[in-house]
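Single-letter residue listing:
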Amino acid sequence: MFDKLNPSTWEIEWFNVGMALVAVVAATIVAYFIYRISFSVLERLAKASETEADNLVLESIRRPVKWSLIAIAVTVVAQGNSALAFVWEPIAQFVRPALLGWIAYTLVKAFTAAMEIRLEASDDPVAVRSRRTRLSILSRTATFAIIFITIGLMLFAIPAVKSIGTTLLASAGLAALAVGAAAQPALKSLIGGIQMALTEPLRIGDLVVVDGHTGRVEEIRMSFITVRTWDQRAIIVPTTSVLDHSFENWSRKSEQLTGPVMLHLDPATRIQPIREELEAFVATQELWDGRTVQCLMTEAYPESIELRLAVSARTIGDLWTLRCAIREHMIEWLRDEMPEALIRHRLEVEGANQRVQGS
């Protein structure tokens, strides 16, 4: 048994080995020239185009295509040389799926990057968020599928693994139940991610309120979503939780919102001067988009009234800043011009002292 593993007992036909090496070198040189000529033509065509996407795709697939052409050339030579086929075919069972997976992976990454470049040129922020979300989820799904299939094809080139796969296929019913039960969370997350890409209840960049947390959607993956709050905290929310429960999306169609500023004043306050001052102040603010400015009394209590000052802005960030400016200005204006409108809780010390002395 061990004599077969001793190199001194091997009968090597050095002439055939030499011819095989010469053929491999010649095939490699031919494949390299084909690669150079093909890419020189493609580069000229890409330079003639107006977008950078073509150059990006070519640069991404350059290396995997080069090695794939070399592998194809060696395979063609091996068809006519038994010695080379004896050595190359076992290796090629791993190399071929790896190269195909490499090409597919780089193509997905290249097209994703090209679409990102096109999105940056868009002027519609809502459309950009929508397309970026779909692009992110679908590219991750495609990448996962490519890696999974490539590894599977490489493993099935191993005889032991192939026999195990045949055994599993023979008992496909039990195997399907076992795999389905074990992979249920992963499959649920995968389906949830695809559903998120197709229905778009939220997108990357949307301002949302999820589980009581307000922030921007920073990242959407198959299994979870990252929401970045104003204080830079990252809230990790499972994808299935977003699909199964209600949440608020403040920028679903656009970021043009109307926001309130609440004032609690004395019941004897005159409303019209406050309304006029609000309209005059908002008219001077660059953040106001000109759509909405209102002053309404929304509640009346025995000891106070509630005024809702409503304004609008182009974006959610502008609206927040504008509301803060209105709140600060109106409080200062009331303190200077209408101090009687501010609620005070007074203690009449002199009257209390007289009542104490009288008793």
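Scroll up to find the structure this text is about.
Here's what I pulled together on the structure shown here. If you're wondering where the values come from, they're calculated on a predicted model, not measured in any experiment.

Next up on the list: the side chain of T150. Looking at the secondary structure, you find T150 in helix α4 (residues 125–155). T150 gets classed as buried once you look at its relative accessible area, which sits at 14%.

Looking at the element boundaries, A234 is found in strand β4 (residues 234–238). C-alpha of A234 to C-alpha of R216: the two residues are 18 residues apart in sequence and 9.7 Å apart in space. Here A234 is in contact with T226, V227 and R228, once residues within four sequence places are set aside.

The phi torsion at D211 lies on the positive side, around 55°, for a residue other than glycine. With respect to the secondary-structure elements, D211 resides in the loop between β1 (207–210) and β2 (213–220). Using a relative accessible area of 59% as the deciding quantity, one classes D211 as exposed. Although it is not a glycine, Q232 adopts a positive phi angle of roughly 70°. With respect to the secondary-structure elements, Q232 resides in the loop between β3 (224–229) and β4.

Okay, helix α10 (residues 316–337) next. Over its 22 residues, α10 runs 31 Å from end to end, which matches the ideal 32 Å to within 8%, given 1.5 Å per residue. For α10, every residue scored as buried is listed here: I316, L319, L322, I326, M330, W333 and L334. Buried residues along α10 cover an arc of 105° about the axis, so they all sit on one side. Relative to its buried face, α10 has exposed residues pointing more than 90 degrees away, namely W320, E328, R335 and D336. Each element contacted by the buried residues of α10 is listed here: β1, β2, β6 (257–265), α9 (271–283), β7 (288–300) and β8 (305–313).

So, how was this worked out
Residues numbered from 1 in each chain as written. Predicted model: local features only at pLDDT ≥ 70, side-chain atom pairs only at ≥ 80, totals over all residues. Heavy atoms only, no water. Helix = DSSP H or I, 4+ residues; strand = E, 2+ residues; numbered from the N terminus. Buried < 20%, exposed > 50% of the residue type's maximum accessible area, 1.4 Å probe, protein only. Contact = heavy atoms within 4.5 Å. Expected span 1.5 Å × (residues − 1). Arc of directions from axis to C-beta.

Just geometry here; none of it tells us what the structure is for.
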